[in-house]
Amino acid sequence: MKSLKICLVLAILMALAAISLSAIQSRDELSLEEDNETTYNDETSDLSPAETGRELTSLRGGSLRFLSEIKPRVPMTCDKYPRVCRAKGSTGPDCCKKKCVNVMTDRLNCGKCGKKCKYSDLCCKGQCVNPRSDRKHCGSCGNKCKKGSLCVYGMCSYA
């Protein structure tokens, strides 16, 4: 029992030592990076790394980038670029409120932009239909009931 307590105490001490060493290393790296930046700024005055042909590197191996060098990516919305909606993988060929949709099947834009179907309705071929009672779209779009049958609760049944 006593040896177990000793092992536990040693494990805790080793963990604390590792944490404190990593904190000291990161503080040292930070001060070296600050020294490196001040030397760089003194040598080149107001020139950026692109203008001087030099690239800054950190002690960790990666190159440093400035936020001003990163160009923001402008989203391609269909109101400015309508061909985006016809691209492969698009959600639909039509543009409604800066979004690509299919007005033939979209419940929020059924037949035209902004035309919403009721909660229980579906958009089938650009028209809002109730799939629980519509004989041409019984249960789902395009599911026609045979002559003499009715659509009851989304299922074709004979009278």
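The coordinates are above.
What this report covers is the structure whose coordinates are included nearby. Note that the structure is predicted; figures quoted are calculated from it, not measured.

## Focus: the overall build of the protein
Move 1: Helix and strand counts for the protein come out as two helices and six strands.
Move 2: Helices and strands in the protein line up, N terminus first, as α-α-β-β-β-β-β-β.
Move 3: Evaluated residue by residue, the protein yields a buried proportion of 18% over its 159 residues.
Move 4: Sequence-distant contacts, at least 24 apart, represent 3% of the contacts inside the protein between residues at least 6 apart.

## Some details on the environment of Tyr158
Move 1: Within the element layout of this structure, Tyr158 appears in strand S6 (residues 155-158).
Move 2: For Tyr158, a relative accessible area of 62% corresponds to the exposed category.
Move 3: Taking the C-alpha atoms as reference, Tyr158 lies 8.9 Å from Lys146; in sequence the two are twelve residues apart.
Move 4: Each residue touching Tyr158, except ones within four places of it in the same chain, is listed here: Lys146, Gly148 and Ser149.

## Structural notes on the side chain of Ser149
Move 1: Take Ser149: it is sitting in strand S5 (residues 149-152).
Move 2: Those residues in contact with Ser149 that sit more than four places away from it in its chain are Arg135, Cys156, Ser157 and Tyr158.

## Re a nonpolar patch on the surface
Move 1: There is a patch of nonpolar side chains on the surface, built from Ile6, Leu8, Val9, Leu10, Ile12, Leu13, Leu16 and Ile19 and spanning about 780 Å² of accessible area.
Move 2: Structurally, Ile12 is set in helix H1 (residues 2-44).
Move 3: For Ile12, a relative accessible area of 46% translates into the label partly exposed.

## Remarks on unusual backbone geometry
Move 1: Residues other than glycine seldom take positive phi values, yet Lys97 does so here, at roughly 50 degrees.
Move 2: Inspection of the secondary structure assignment puts Lys97 in the loop between strand S1 (94-96) and strand S2 (99-101).
Move 3: The exposed category is assigned to Lys97, whose relative accessible area is 77%.

## What to know about the pairing of S6
Move 1: Of the pairings in the sheet, the one linking S5 to S6 comprises four bridges and is antiparallel in character. Counted as the bridge partner of Cys151 is Cys156 from S6.
Move 2: Between the end of S5 and the start of S6, which pair antiparallel, lie two residues, with Tyr153 showing a positive phi angle near 50 degrees.

Definitions and cut-offs
Residues numbered from 1 in each chain as written. Predicted model: local features only at pLDDT ≥ 70, side-chain atom pairs only at ≥ 80, totals over all residues. Heavy atoms only, no water. Helix = DSSP H or I, 4+ residues; strand = E, 2+ residues; numbered from the N terminus. Buried < 20%, exposed > 50% of the residue type's maximum accessible area, 1.4 Å probe, protein only. Contact = heavy atoms within 4.5 Å. Patch = residues over 30% accessible without salt bridge, like charges linked within 9 Å, V, L, I, M, F, W, Y side chains within 5 Å. Areas by Shrake-Rupley, 256 points an atom, 1.4 Å probe, with all protein chains shown as cover. Salt bridge = Lys/Arg side-chain N within 4 Å of Asp/Glu carboxyl O. Pairing = 2+ DSSP bridges.

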